[in-house]
Amino acid sequence: MAAMFDDLRAIDIFAAARRLDGVVRRTPLCRSDALSALTDGDIWLKLESDQLTGSFKLRGAFNAIAALPAEIRERGVVASSAGNHGLGVAYSARHFGIPALILVPAGAPEVKRRGIEALGAEVDADSADYDVAMERAKTIAAESGRRFINPCLGDTLIAGQGTVALEIIEELPALTCVIVPVGGAGLLAGTGSLLRRLAPQVRIVGAQSVNTAAMARSLAAGKVTPIPSVPTLADGLAGLIDDFALDIGRRCLDAMVTVDEDEIGDAIAWLASREDAIVEGSGAVGVAALLQKKVDVAGNTVAVIVSGRNIDASRHAALLRR
């Protein structure tokens, strides 16, 4: 972890951007007039919900798999995922013509499970929750000789996720604050690795659901703190963190906020009605924090990473009818 912010990591993110050029979509960075008026800030939405697989996770998954030696990559890959990382791994495996096995929790959204299968990967949905899926995936990878593609950690995966922040600062050099959804800390690590080195004046604020607040609770306690596995709209942020992820939080975050399930639901509905955007719960937490005025951004130029769109249609429709 000591090398997280060295020059090599910044170089790695630029290398990842070159590797991903022509593979992933450079997603829109759109000003939200409504959020700007509400917060007295200059608010921009980085719409990773428009990414090819519906989330930013494709960036890290593809970079991690592309960087493998060919002889290792050809054996195939195994991943654990709440869904979006699995979609990224499945897409990347199809690109390289290699087999992929994705372990998801039994309660993973149907849209994510179907999407993974449609991309040609095998899906195992027999795990009780996200953390069980990860442990099973690591065991299967070790026994089969396939490479385990961690959903949150690893230099090449983090470098891929960091290309989100790279696109933001290229298009918005006046940036003073970025709001990042936080789960296992892969997106946070990529964002922090780039901004701490190239734009240290930018404030980094993390946002997560109360029901997925492993990072928030661990930071408050000063040590890794287990949380229960409970239902949440922000399923993409579910799961425990380890000491490595906690260190990322300590190094990268200037502030951490949490939003409850009703606030996330309201943000999903708000994004649909005011920004014409379909967004899943994990992608809506940053907007929820602004709608609830949990982050003071007055006078700031702010980018909110809207990390994904993969929400079941029936659940989305129900939130719009509330």
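Shown above is the structure to which this text applies.
Scope of this entry: the structure provided in the associated data block. All values reported here derive from a predicted model rather than from experimental measurement. (Residues numbered from 1 in each chain as written. Predicted model: local features only at pLDDT ≥ 70, side-chain atom pairs only at ≥ 80, totals over all residues. Heavy atoms only, no water.)

### Things to note about the packing of helix α9 (residues 186-198) against helix α11 (residues 243-252)
Axis separation between α9 and α11 bottoms out at 10 Å; the angle between their running directions is 35 degrees. Here α9 and α11 pass one another in a crossing that is left-handed. In this structure, α9 contributes L188, A189, G192 and R196 to the contact, and α11 contributes I248, G249, R251 and C252. A per-class count over the contact of α9 with α11 returns 4 nonpolar, 2 polar and 2 charged. (Axes fitted to C-alpha atoms, helices over the stretch in contact; angles between N-to-C directions. Helix = DSSP H or I, 4+ residues; strand = E, 2+ residues; numbered from the N terminus. Left-handed = near helix turned anticlockwise from the far one by under 90°. Contact = heavy atoms within 4.5 Å. Nonpolar A, V, L, I, M, F, W, Y, C, P; charged D, E, K, R; others polar.)

### Notes on α11
Those residues of α11 not exposed but buried are A245, L246, D247, I248, G249 and C252. On its buried face, α11 is in contact with α9, β8 (203-209) and α10 (214-221). With a side-chain oxygen positioned 3.2 Å from the backbone nitrogen of F244, the residue opening α11 is D242. (Buried < 20%, exposed > 50% of the residue type's maximum accessible area, 1.4 Å probe, protein only. Polar contact = N/O pair within 3.5 Å; in protein donor to acceptor, adjacent residues only side chain to side chain.)

### Some points on the side chain of S81
Within the fold, S81 resides in the loop between β3 (77-80) and α5 (84-96). From its side chain, S81 meets the backbone nitrogen of G83 in a polar contact 2.6 Å long. From its side chain, S81 meets the backbone nitrogen of H85 in a polar contact 3.3 Å long. Leave out the neighbours within four places in its chain, and S81 touches G86, I102, L103, V104, P105 and Y130.

### Here's the deal with the pairing of β3
Of the two faces of β3, both are covered, the one formed by V77 and A79 as well as the one formed by V78 and S80. In terms of strand pairing, β3 meets strand β4 (residues 100-105) through 4 bridges, oriented parallel. Directly across from V77, in β4, lies its bridge partner A100. Two elements, β3 and strand β6 (residues 147-148), share 2 bridges in a ladder whose sense is parallel. Note on β6: the bridge partner recorded for V77 is R147. (Pairing = 2+ DSSP bridges.)

### Things to note about α9
If you check α9, its first and last C-alpha atoms are 18 Å apart, about what 13 residues at 1.5 Å a residue would give, namely 18 Å. Within α9, 10 of the 13 residues are buried, which leaves the element mostly enclosed by the surrounding structure. Within the span of α9, buried status applies to G186, L187, L188, A189, G190, T191, G192, S193, L194 and L195. (Expected span 1.5 Å × (residues − 1).)

### Details of the nonpolar core
Counting residues in hydrophobic clusters, the biggest one holds 47 residues, and the most contacted among them are V178, L188, L195, I204, M215, I248 and I305. Membership of the second largest hydrophobic core comes to 35 residues, among which are A34, L35, W270 and L290. (Core = buried A, V, L, I, M, F, W, Y, C linked by side-chain atoms within 4.5 Å.)

### What about the sheet that holds β3?
With parallel pairing, 4 strands are arranged side by side in an open sheet as β5-β4-β3-β6. Two strands close off the open sheet at either side, each with one partner strand: β5 (122-127) and β6.

### Side note on the packing of α10 against α11
With their axes 10 Å apart at the nearest point, α10 and α11 run at an angle of 75 degrees to one another. Comparing the axis directions of α10 and α11 gives the class roughly perpendicular. For the pair α10 and α11, the contacting residues are M215, S218 and L219 in the first and A245, L246, G249 and R250 in the second. Grouping the amino acids of the contact of α10 with α11 by side-chain chemistry returns 4 nonpolar, 2 polar and 1 charged. (Parallel < 35°, antiparallel > 145°, perpendicular 65-115°, else oblique.)

### Re the pattern of salt bridges
Using the criterion set out here, one finds 15 salt bridges in the structure. One salt bridge in this structure joins D33 and R31, with 2.6 Å as the shortest N-O distance. Two residues, D266 and R322, come together in a salt bridge whose shortest N-O distance is 2.7 Å. Here R322 lies in the segment after α14 (313-321) and D266 lies in helix α12 (residues 261-274), a separation of 56 residues in the sequence. (Salt bridge = Lys/Arg side-chain N within 4 Å of Asp/Glu carboxyl O.)

### Here we look at the pairing of β4
The element β4 is largely enclosed, with a buried count of 6 among its 6 residues. Because side chains alternate across β4, one face comprises the buried residues A100, I102 and V104, and the other comprises L101, L103 and P105, equally buried. In this region the chain leaves β3, passes through α5 and returns to the parallel neighbour β4; the handedness of that crossover is right-handed. Bridge analysis of β4 against β5 gives 4 bridges, and the strand direction is parallel. Considered in β5, the bridge of L101 is made with E122. For the handedness criterion, the β-α-β arrangement of β4, helix α6 (residues 110-118) and β5 is classed as right-handed. (Right-handed = clockwise from strand over helix to strand, strands pointing away.)

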